[in-house]
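# Structure at a glance
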Amino acid sequence: MIKGEKPGDDKVLGIRADMDALPIQEENQVSYRSRHKGVMHACGHDGHTAIALGTAYYLNQHRQDFSGGVKIIFQPAEEGPGGAKPMIEAGVLENPAVDAIIGLHLWNDLPIGSAAIKPGAFMAAISVFNCTILGQGGHAALPHQTIDSVVISAQVVNALQTIVSRNINPLDSAVISIGELHAGTKMNVIADTARIAGSIRYFNDDVIKLIEQRIEQVIDGICRAHGAKYTFECSKIYPPLVNDPEITALVTSKASQLIENPESILSEYQTLGSEDMSFFLQEVPGCYFFLGSANAAEKLNYPHHHPKFDFDETALAMGVEMFVGCAENFLG
Ligand SMILES: [Zn+2]
Ligand SMILES: [Zn+2]
């Protein structure tokens, strides 16, 4: 918490930086590569932490220039199981109360010198589902004595892909991705069970209600056809990320001082990615935005979560300038 010394409004701006890494073996050969085997900063959250620290350093040396205060929130576990919600429950937005909150993600899908700052729905919600197909095992040469969970799960995986293409209004956005499929122990044994797990991205509640219903109907129908049973559960993980129009305007106006070409500030950009910054934005008005961090000429353009992920570090200075500028404008 950095308190300004200038008399004036006693407003508080929250700045949120996530700081977690990912279970990926780093393949970059640089002096600052991860020292921990099997763990690396493959999403840029180390950059977010550096930007927040730089902001704290600057603001702390310029307390006389602003009123109110800035609360810097270092958040763990964004990549799962989620750190924002427990921090809110522990009272991070109180004592003193946070009036507005901002945060950013360095974004390698956009080149350095650009930003995506959009009012309203900016990132998608995520739900996850788990399904176990309960068949009947047996000898690979005697399939008529079994209920083959592998054949059934293959049909389920394919059929689930028709939900977005055939059941969802094409004007709505949604993604269903199966990330896990596990079955079997040996090539000559028919597997009695198969486990399917996936994630669903969407922007509104009607869409997830329909998707959840359709997934279970598809699983139920295919299992019935084969005489198998199943278990199914689906749960909401992160809500959609929705930016406040006023705070977004404040962030956009600061960005337009920093980024000369107005076409490099994207105000319609959306992604089906999800973020637990959304929990903070459900509590207080705020804005979460992307700062372009890719530099193709320097080969700093691998996608997020890639073993060679790295970003153009001039984005760090831009991030600090964005946060400091927004704090100055918000607090006066
Ligand atoms: Zn990530
Ligand atoms: Zn991330």
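Residues numbered from 1 in each chain as written. Chains lettered and ligands numbered in written order. Predicted model: local features only at pLDDT ≥ 70, side-chain atom pairs only at ≥ 80, totals over all residues.

Turning to helix α3 (residues 149–167), a few remarks are in order. With 19 residues, α3 ought to run about 27 Å at 1.5 Å a step, and its terminal C-alpha atoms sit 26 Å apart, in line with that. Among the residues of α3, S149, V151, I152, S153, V156, L160, I163 and V164 are the ones counted as buried. Next to the buried residues of α3 lie β7 (125–134), β9 (174–183), β11 (193–202) and α4 (205–226). (Helix = DSSP H or I, 4+ residues; strand = E, 2+ residues; numbered from the N terminus. Expected span 1.5 Å × (residues − 1). Buried ≥ 20, exposed ≤ 12 C-beta atoms within 10 Å, placed from the backbone. Contact = placed C-beta atoms within 7 Å.)

Our focus in this paragraph is the nonpolar core. Counting residues in hydrophobic clusters, the biggest one holds 88 residues, and the most contacted among them are F289, L291 and A327. Each of domain 1 (2–123 + 240–331) and domain 2 (125–238) contributes no fewer than three residues to this core. Setting aside residues no more than four positions away along its own chain, F289 makes contact with L104, A115, A116, I117 and V251. (Core = buried A, V, L, I, M, F, W, Y, C linked by C-beta atoms within 7 Å. Domains from an automatic or database assignment.)

Moving on, we come to unusual backbone geometry. Omega for the bond connecting G80 with P81 falls within 30 degrees of zero, at 5 degrees, which places this linkage in the cis form. Position of P81 relative to the elements: it lies in the loop between β3 (69–75) and α2 (84–89). Phi at A77 is positive, roughly 60 degrees, even though this residue is not glycine. Counting through the fold element by element, A77 comes out in the loop between β3 and α2. Residue A77 is classed as partly exposed on the basis of its 16 C-beta neighbours within 10 Å. Of note, K299 is a non-glycine position whose phi angle comes to about 60 degrees, a positive value.

Taken together, the four strands give an open sheet; going across it, the order is β9-β11-β7-β12, and neighbouring strands pair in antiparallel fashion. Only two strands of the sheet have a single partner each, and these edge strands are β9 and β12 (229–238). Averaged over all adjacent pairs, the angle separating strand axes in this sheet is 15 degrees, with direction ignored. Sheet analysis places β7 next to β12, joined by nine bridges and oriented antiparallel. Bridging across to β12, F129 finds its partner in C234. Each of β7, β9 and β11 is contacted by α3, which is oriented at about 175 degrees to β9, the strand it contacts most. (Pairing = 2+ DSSP bridges. Axes fitted to C-alpha atoms, helices over the stretch in contact; angles between N-to-C directions.)

For the rest of this paragraph, the subject is the domain arrangement of the protein chain. Here the protein chain is partitioned into domain 1 (2–123 + 240–331) and domain 2 (125–238). Averaged C-alpha coordinates put domain 1 and domain 2 at centres separated by 36 Å. Tallying the contact residues gives eight residues for domain 1 and seven residues for domain 2. For the side of domain 1 that touches domain 2, the class distribution of residues is three nonpolar, three polar and two charged. (Nonpolar A, V, L, I, M, F, W, Y, C, P; charged D, E, K, R; others polar.)

Spatial strand order, β1-β3-β2-β4-β15-β5-β14: seven strands in an open sheet with mixed pairing. The open sheet is flanked by β1 (2–3) and β14 (265–266), the only strands paired with a single partner. Inspection of the sheet shows β1 paired to β3 by two bridges, in the antiparallel sense. Residue pairing across strands places I2 opposite V70, the latter belonging to β3. In the packing of helix α5 (residues 245–258) onto the sheet, the strands contacted are β4 (100–111), β5 (115–116), β14 and β15 (286–294), and the crossing angle to β15 comes to about 30 degrees.

Okay, the environment of D20 next. Along the chain, D20 turns up in the loop between β2 (12–18) and α1 (45–61). Each C-alpha atom, one on D20 and one on G44, is 9.0 Å from the other, the two residues being 24 residues apart in sequence.

Turning next to the packing of α3 against α4. Packed helices, taken two at a time, are described by the angle their axes make and the gap between the axes. Axis separation between α3 and α4 bottoms out at 10 Å; the angle between their running directions is 145 degrees. In terms of crossing hand, the pair formed by α3 and α4 is right-handed. Contacts between α3 and α4 involve I152, Q155, V156, A159, L160, I163 and N167 from the former and L210, I211, R214, I215, V218, I219, I222, C223 and H226 from the latter. (Left-handed = near helix turned anticlockwise from the far one by under 90°.)

Next up on the list: the environment of N28. Structurally, N28 can be placed in the loop between β2 and α1. It is 39 Å that separates the C-alpha atoms of N28 and D172, two residues lying 144 residues apart in sequence. Residue contacts for N28: discarding those within four places in its chain leaves R33, K308 and D310.

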